[in-house]
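Fold and geometry: a report
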Amino acid sequence: CYVVEGWTLGGRVILKQISPLLELENNGTQFFAGYREETGPMWKGFLQQFCMYVLKNNLQQETIQGAIDGFTEIGKHFKNHE
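Criteria and cut-off values
Counting of residues starts from 1 at the beginning of each chain's written sequence and follows it residue by residue. With the structure being a predicted model, the display of local features is reserved for residues of pLDDT at least 70 and the display and counting of side-chain atom pairs for 80 or more, all residues being used for whole-chain, interface and lining totals. The basis for every side-chain value is the complete set of heavy atoms in the structure, and neither hydrogens nor water enter the calculation. Centres within 6.5 Å are what make two rings of Phe, Tyr or Trp a pair, Trp counting through its six-membered ring; a difference in plane orientation under 30 degrees is then read as stacked, over 60 as edge-to-face, and the rest as tilted. Numbering of helices and strands runs from the N terminus, with a helix taken as a DSSP run of H or I at least four residues long and a strand as a DSSP run of E at least two residues long. Accessibility here uses a 1.4 Å probe with only protein chains present; expressed as a share of the type maximum, an area under 20% marks a residue as buried, one over 50% as exposed, and anything in between as partly exposed. A pair is scored as a salt bridge if a Lys or Arg side-chain nitrogen falls within 4 Å of a carboxyl oxygen belonging to Asp or Glu. Residues count as neighbours in contact if any of their non-hydrogen atoms are within 4.5 Å of one another. His residues and chain termini do not enter the charge count, which takes Lys and Arg as positive and Asp and Glu as negative. Nitrogen and oxygen atoms within 3.5 Å of one another constitute a polar contact, given that in protein one can donate a hydrogen and the other can accept it, and given that sequence-neighbouring residues count only through two side-chain atoms.

Structural notes on the packing of aromatic side chains
All told, the structure shown has four aromatic pairs when counted by the stated rule. Centre to centre, the rings of Trp7 and Phe78 are 6.1 Å apart; their planes meet at 35°, and the pair counts as tilted. Taken together, the positions of Trp7 in helix H1 (residues 2-22) and Phe78 in helix H4 (residues 60-80) put the pair 71 residues apart, joining distant regions of the chain. The exposure class assigned to Trp7 is partly exposed, which follows from its relative accessible area of 37%.

Focus on the environment of Lys79
Within the element layout of this structure, Lys79 appears in helix H4. The spacing of Lys79 and Phe50 is 29 residues in sequence and 29 Å in space, taken between C-alpha atoms.

Focus: the pattern of salt bridges
Evaluated as defined, the whole model comprises one salt bridge. Here Glu73 ties to Lys76 by a salt bridge, and the two come within 3.2 Å at their closest N and O atoms. Residue Glu73 and its partner Lys76 are both found in helix H4; the two are separated by three residues, about one turn of the helix. On the basis of relative accessible area, Lys76 is assigned to the partly exposed category, the value being 45%.

Points about the side chain of Arg12
Note on placement: Arg12 falls in helix H1. If near-sequence neighbours (up to four positions away) are discounted, Arg12 is found in contact with Phe32, Ala33, Gly34, Arg36, Glu37 and Thr39.

Remarks on the side chain of Glu5
The residue Glu5 is located in helix H1 in this model. Buried within the structure, Glu5 lacks any salt-bridge partner; Arg12 is the closest side chain of opposite charge, at an N-O distance of 11 Å. Of note is the side chain of Glu5, whose polar atom sits 3.3 Å from the side chain of Tyr35. With residues up to four places along the chain from it excluded, the contact list for Glu5 reads Tyr35, Trp43 and Phe46.

Structure representation (structure tokens):
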């Protein structure tokens, strides 16, 4: 969840960078739009709940490994579709 939800936040950063340069506005940018203006607050809420759950249940190592596995699998997916 952390990896995928983090992409939502990253998409907003990417959108701010590329949208003016490519003059796309709303055409072809929906993926990067995330939750629009709510992306930041939703990320903060997600992260707070996520961290509380991890700490409460002493899942730090499992969480780190899950993030590594998530990034690895997503990387494999993109590498296989080059």
